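Architecture and fold: a report
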Amino acid sequence: MSSFFDRLKNKFSKKEELVEDLISIEEYEELVESQLITEKFKKGLKKSRDNFSNALNNLISSYREINEEFFDDLEELLIQSDVSYNTVLDLVDYLKEESQRKNLKDPSDLKDMIIEKLVEIYMEGTSKVDLNINNDGLTIYLFVGVNGVGKTTSIGKLAYNFRQEGKKVMLAAGDTFRAGAIDQLAVWAKRSGVDIVKSHEGADAASVIFDAIQSAKAKGVDVLLCDTAGRLQNKNHLMKELEKIVRIIKREIPDAPHEVLLTIDATTGQNGILQAKTFKEVSDVTGVILTKLDGTAKGGIVIAIKKELDIPVKLVGLGENINDLEVFDPEQYIYGLFYTENKDSENDKLEENIDN
Ligand SMILES: Nc1nc2c(ncn2[C@@H]2O[C@H](COP(=O)(O)OP(=O)(O)OP(=O)(O)O)[C@@H](O)[C@H]2O)c(=O)[nH]1
Ligand SMILES: [Mg+2]
């Protein structure tokens, strides 16, 4: 039987579909679109992939046989990639048992097993979780998180994505706290070609969002994206402000906010997880946006979020450009993390042929 990873690879290389010449224009466009997304995941996860694959290859080639020391080094490597501690212990226990059971001696025999077990741990009960949309009227998303994680940037990118889908989008400048925050959001509104409701620095954030909801209703907006100030979980007055914002949104539309998206900077690693845990206790977080994956070599953080926070990752930031925000797809992610360049060169050639 082919391994999970082989099956994944077949799925994303789509060779069979390419050779079948009778596909409709819609199917063709869908195929090209899905390959573009695959490319983005591959590119955005390059650092993590290089780091992990290289380190794993080095480790494997530096040991002649499987022994305790090898497992210690492997543990360290995985922990450094931000796979959570408990997951690493489980994984290494499993490898020890399997290598004894199958009487394996050569470390290279463990390589596929490590990757496949990581995939299995991650995929346990996981599927792609779509963003919650209110089909009968206004959809409201609230963006929360500590300072500098990428809330405002993600709003700009998501606004652009929704616009591309033909939705009418509005932004609410609910960060009235940090100097320059309102202007920054206004720049994103312009870039993505959507409306913005704003007030002045120091204004009451909840009242800005209240005004935005009124305006969005009046103008028949589909999606309202609400920016908020970056706040540390121990700053009480900012946490109270967040509660007030949620209260006001609910008073206007009882089912809203349809998503409370906690933004986490992937480069902060385990620290980001700790912040997020406290955050989760005070707000009703419905999903995570994991930003700056392109800037970290520690893509294992996705596994830690799954295991320790139990909140679905809904969106990932794979770069700084407007089209670098993608809906999180566990299979695309795993593929981007583990695929190897050489084996795919055949597929790249096929892609070049499509482009020409
Ligand atoms: N490389 C990369 N950079 C990103 C990504 N997302 C955001 N950034 C950068 O991160 C920095 C901070 O982003 P902001 O959107 O201002 O973060 P914020 O959470 O709104 O920050 P505050 O408003 O200060 O709390 C900016 O320089 C962004 O360009 C990403 O996915 N990849
Ligand atoms: Mg911001």
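Further up the page is the structure itself.
As a starting point, this report considers the structure included with it. (Residues numbered from 1 in each chain as written. Chains lettered and ligands numbered in written order. Predicted model: local features only at pLDDT ≥ 70, side-chain atom pairs only at ≥ 80, totals over all residues. Heavy atoms only, no water.)

A tally of regular secondary structure across the chain gives 15 helices and eight strands. A burial count over the chain gives 51% of its 356 residues as buried. Taking the contacts inside the chain whose residues are at least 6 apart along the sequence as the reference set, 76% of them involve residues at least 24 apart. (Helix = DSSP H or I, 4+ residues; strand = E, 2+ residues; numbered from the N terminus. Buried < 20%, exposed > 50% of the residue type's maximum accessible area, 1.4 Å probe, protein only. Contact = heavy atoms within 4.5 Å.)

A few words now on the pattern of salt bridges. Under the counting rule described, the total for this entry stands at 12 salt bridges. Note that Lys 314 is salt-bridged to Glu 259, the shortest N-O span being 2.8 Å. Of this pair, Lys 314 sits in strand S7 (residues 313-317) while Glu 259 sits in strand S5 (residues 259-265), and the two are 55 residues apart along the sequence. The same class applies to Lys 314 as to Glu 259, namely buried. Linking Lys 292 and Asp 265 is a salt bridge whose minimum nitrogen-to-oxygen distance equals 3.2 Å. In this pair, Lys 292 sits in the loop between strand S6 (287-291) and helix H13 (301-308) while Asp 265 sits in strand S5, placing the two residues 27 residues apart along the sequence. (Salt bridge = Lys/Arg side-chain N within 4 Å of Asp/Glu carboxyl O.)

So, on to the site of ligand 1. Near ligand 1 there are 20 residues, and of these Lys 151, Thr 152, Thr 153, Asp 294 and Glu 320 occur at the shortest range. Here an oxygen atom of ligand 1 and a side-chain polar atom of Gln 184 are 2.9 Å apart. Between a nitrogen atom of ligand 1 and a side-chain N or O atom of Asp 294, the distance comes to 2.8 Å. Considering ligand 1 on its own, with 660 Å² of exposed area, one finds that the protein chains cover 81% of that surface. When residues in the shell around ligand 1 are grouped by element, the largest group, four residues, is from helix H8 (residues 151-164). Residue composition of the shell around ligand 1, by class: three nonpolar, 10 polar and seven charged. (Near = heavy atom within 4 Å. Polar contact = N/O pair within 3.5 Å; in protein donor to acceptor, adjacent residues only side chain to side chain. Areas by Shrake-Rupley, 256 points an atom, 1.4 Å probe, with all protein chains shown as cover. Nonpolar A, V, L, I, M, F, W, Y, C, P; charged D, E, K, R; others polar.)

As a further point, take the packing of aromatic side chains. In total, this model carries four aromatic pairs according to the counting rule given. Taken together, a centroid distance of 5.6 Å and an interplanar angle of 65 degrees make the contact between Phe 70 and Phe 71 edge-to-face. Given a relative accessible area of 0%, Phe 70 falls into the buried group. Counting every residue linked through ring pairs, the aromatic cluster contains Tyr 63, Phe 70 and Phe 71. Here the basic side chain of Lys 117 rests over the ring of Tyr 94, its NZ or CZ set 4.1 Å away from the ring centre. Note that Arg 191 overlies the ring of Trp 188, its terminal NZ or CZ placed 4.3 Å from the centroid. (Phe/Tyr/Trp six-rings, centres within 6.5 Å; stacked < 30°, edge-to-face > 60°. Lys NZ or Arg CZ within 6 Å of the ring centre and 35° of its normal.)

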